[in-house]
Amino acid sequence: MTDPLGPVVRPRRLRRTPALRRLVAETSLEARQLILPAFVREGIAEPQAISSMPGVVQHTRDSLKRAAAEAAELGLGGIMLFGVPESKDAAGTGAVDPDGILNVAIADVKAEVGDALPVMADLCLDEFTDHGHCGVLTAAGTVDNDLTLAVYAEMARAQAAAGVDVVGPSGMMDGQVAVIREALDLVGSSDVAILAYSAKYASAFYGPFREAVDSSLEGDRKSYQQDSGNVIEGVREALLDVAEGADLVMVKPALAYLDVIRAVREAVDVPVAAYNISGEYSMVEAAAANGWIDREAAIIETLLSIRRAGADVVLTYWAAEAARLLR
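Remember, it's a predicted structure, so these values are computed and weren't measured experimentally.

**Re helix H11 (residues 319–326)**
Structural remark: α-helix, 3.6 residues per turn; residues separated by three or four positions point the same way.
Here is step 1: What H11 keeps buried is the set Ala319, Ala320, Ala322 and Ala323. Projection of H11 onto a plane perpendicular to its axis shows the buried side chains occupying an angular sector of 165°, all on one side.
Here is step 2: Elements that come into contact with the buried residues of H11 comprise strand E1 (34–41), helix H2 (61–74), helix H10 (295–309) and strand E10 (313–316).

In structure tokens, the structure reads:
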């Protein structure tokens, strides 16, 4: 028999007003949790639009400084820098050159924002090699893990000398965190933190990023990036990186790997980051441009989903816009 007074338990009571919904919200999204990836290109006079990533540009050194100053003013959690050099070679020597575009950009941004915004840098060779791979190749054309580690160590020292706060090794080489940690500590840069790209998957969603960094890649990176069907392996990689000295660990991509984010969050005792990558960004932008979705609502919902999965921080090209929306 139905109670004439209706249900006693009414979850809708706590959804009735915006203030009540805020009161019981389980997951927050705040500017401090968002990191802005930014591309800086050598030899350009004006920012260059990236056609497959509407609203994102390859910065000049000056426009990058302005973007960093805005990120600091908005209270973002950091800025992650990627360099796009004018010339590349097989060894990626531009990555270790103190006058290379990424290292001078680190120094530029650090001088601009000081300690108001953590300055982070990608630590990988793919932007700097003419073959587009994340490491040094053998004569047979495969990536040599241990020779690559030696270059990563040198790259870490160069970034530390430029003033970086956090390095982001993203090449998925075995042992990379341990080698980088030792290299930093031996030159007195023990305060530089490591945000390890621990569970980085070979993904179809990287496409627009390759335009953003003018990638020279032929073939794929499946011999060192993870297979998309593997969760346990992603957790293992994160645990290995923590044991080697990682201060934060990352899952990349984010949206197709929300279960991996949750599994890693439950396994480690350091902050977990997730990278809302270029293809994920561009899908939403394309749908919004066609009038198929509410763009701003979709941005916030996307970022909340990554936070809800367990990410403490999110790298996203929407970081500055989301911070403004959250205000």
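**A look at the pairing of strand E7 (residues 193–200)**
Here is step 1: Of all eight residues in E7, eight are buried; the element is thus mostly enclosed.
Here is step 2: In the sheet, strand E6 (residues 166–169) pairs with E7 via two bridges, with the strands oriented parallel. The residue bridging valine 167 from the neighbouring strand is isoleucine 194, located in E7.
Here is step 3: Since E6 and E7 lie parallel, the crossover through helix H5 (residues 176–186) that links them has a hand, and here it is right-handed.
Here is step 4: Bridging between E7 and strand E8 (residues 248–252) involves five bridges; their strand directions are parallel. By the bridge assignment for E8, leucine 195 is matched with leucine 248.

**Examining the packing of aromatic side chains**
Here is step 1: Per the stated rule, a full pass over the model turns up seven aromatic pairs.
Here is step 2: Seen in terms of ring centroids, phenylalanine 39 and phenylalanine 82 are 5.5 Å apart; in terms of plane orientation they differ by 40°. Their pairing is tilted. You can see phenylalanine 39 sitting in strand E1 and its partner phenylalanine 82 sitting in strand E4 (residues 78–84), a full 43 residues away along the chain. Taken as a pair, phenylalanine 39 and phenylalanine 82 share a single burial class, namely buried.
Here is step 3: Ring plane angle 40° and centroid distance 5.0 Å describe the contact between tyrosine 281 and tryptophan 318, whose orientation is recorded as tilted. With a gap of 37 residues between them, tyrosine 281 in helix H9 (residues 278–289) and tryptophan 318 in the loop between E10 and H11 connect regions that are remote in the sequence. Across the pair, exposure class does not vary: tyrosine 281 and tryptophan 318 are buried alike.
Here is step 4: Each residue in the set Phe39, Phe82, Tyr197, Tyr275, Tyr281, Tyr317 and Trp318 is aromatic and connected to the rest through ring pairs, giving one cluster.
Here is step 5: The ring centre of tyrosine 275 lies 4.3 Å from the NZ or CZ of lysine 252, which sits over that ring.

**Focus: the environment of arginine 324**
Here is step 1: Tracing the sequence through the fold places arginine 324 in helix H11.
Here is step 2: Spatially, the C-alpha atom of arginine 324 lies 31 Å from that of cysteine 124, the residues being 200 residues apart in sequence.
Here is step 3: Apart from the residues lying within four places of it in its own chain, the contact partners of arginine 324 are Glu70 and Leu74.

**What about a positive patch on the surface?**
Here is step 1: On the surface, Arg10, Arg12, Arg13 and Arg15 cluster together into a positively charged patch.
Here is step 2: Relative to the assigned elements, arginine 10 resides in the segment before helix H1 (18–23).
Here is step 3: What makes arginine 10 partly exposed here is its relative accessible area of 38%.

**Side note on the nonpolar core**
Here is step 1: Judged by nonpolar contacts, the single largest core of 100 residues is most densely connected at Leu76, Ile79, Leu81, Tyr152 and Val264.
Here is step 2: Non-local contacts of leucine 76, meaning those with residues more than four positions away in its chain, are made with Ala31, Arg32, Leu34, Leu36, Ala71, Leu117, Ala319, Ala320 and Ala323.

**Some details on the packing of H2 against helix H3 (residues 101–113)**
Here is step 1: Running from amino to carboxyl end, H2 crosses H3 at an angle of 45°, the nearest separation of the two axes being 9 Å. By the angle class used here, H2 and H3 are oblique. Crossing of H2 over H3 shows right-handed handedness. Here Arg61, Leu64, Lys65, Ala68, Ala69 and Ala72 of H2 come into contact with H3, specifically with Ile101, Val104, Ala105, Asp108, Val109, Glu112 and Val113.
Here is step 2: Per-class residue counts for the contact of H2 with H3 are nine nonpolar, no polar and four charged.

**Re the pattern of salt bridges**
Here is step 1: This model, assessed by the stated rule, comprises twelve salt bridges.
Here is step 2: We note a salt bridge from lysine 65 to aspartate 62, for which the minimum N-O separation is 3.6 Å. With a gap of three residues between them, lysine 65 and aspartate 62 both fall in helix H2, about one helical turn apart.
Here is step 3: Looking at lysine 65, the relative accessible area reads 24%, which means it is partly exposed.
Here is step 4: One salt bridge in this structure joins glutamate 285 and arginine 295, with 2.9 Å as the shortest N-O distance. Here arginine 295 lies in helix H10 and glutamate 285 lies in helix H9, a separation of ten residues in the sequence.
Here is step 5: Classification of glutamate 285 as buried rests on a relative accessible area of 9%.
Here is step 6: Because the salt bridges share partners, they merge into one network encompassing Lys110, Asp115 and Asp165.

**Observations concerning the pairing of strand E5 (residues 119–123)**
Here is step 1: Within E5, five of the five residues are buried, leaving the element largely enclosed by the surrounding structure.
Here is step 2: By the bridge criterion, three bridges tie E4 to E5 in an arrangement that is parallel. Bridge pairing links methionine 80 to methionine 120 in E5.
Here is step 3: Each parallel crossover has a hand, and the one from E4 via H3 to E5 is right-handed.

Conventions we followed
- Residues numbered from 1 in each chain as written.
- Predicted model: local features only at pLDDT ≥ 70, side-chain atom pairs only at ≥ 80, totals over all residues.
- Heavy atoms only, no water.
- Buried < 20%, exposed > 50% of the residue type's maximum accessible area, 1.4 Å probe, protein only.
- Helix = DSSP H or I, 4+ residues; strand = E, 2+ residues; numbered from the N terminus.
- Arc of directions from axis to C-beta.
- Contact = heavy atoms within 4.5 Å.
- Pairing = 2+ DSSP bridges.
- Right-handed = clockwise from strand over helix to strand, strands pointing away.
- Phe/Tyr/Trp six-rings, centres within 6.5 Å; stacked < 30°, edge-to-face > 60°.
- Lys NZ or Arg CZ within 6 Å of the ring centre and 35° of its normal.
- Patch = residues over 30% accessible without salt bridge, like charges linked within 9 Å, V, L, I, M, F, W, Y side chains within 5 Å.
- Areas by Shrake-Rupley, 256 points an atom, 1.4 Å probe, with all protein chains shown as cover.
- Salt bridge = Lys/Arg side-chain N within 4 Å of Asp/Glu carboxyl O.
- Lys, Arg positive; Asp, Glu negative; His and termini not counted.
- Charge placed at Lys NZ, Arg CZ, Asp CG, Glu CD.
- Core = buried A, V, L, I, M, F, W, Y, C linked by side-chain atoms within 4.5 Å.
- Axes fitted to C-alpha atoms, helices over the stretch in contact; angles between N-to-C directions.
- Parallel < 35°, antiparallel > 145°, perpendicular 65-115°, else oblique.
- Left-handed = near helix turned anticlockwise from the far one by under 90°.
- Nonpolar A, V, L, I, M, F, W, Y, C, P; charged D, E, K, R; others polar.

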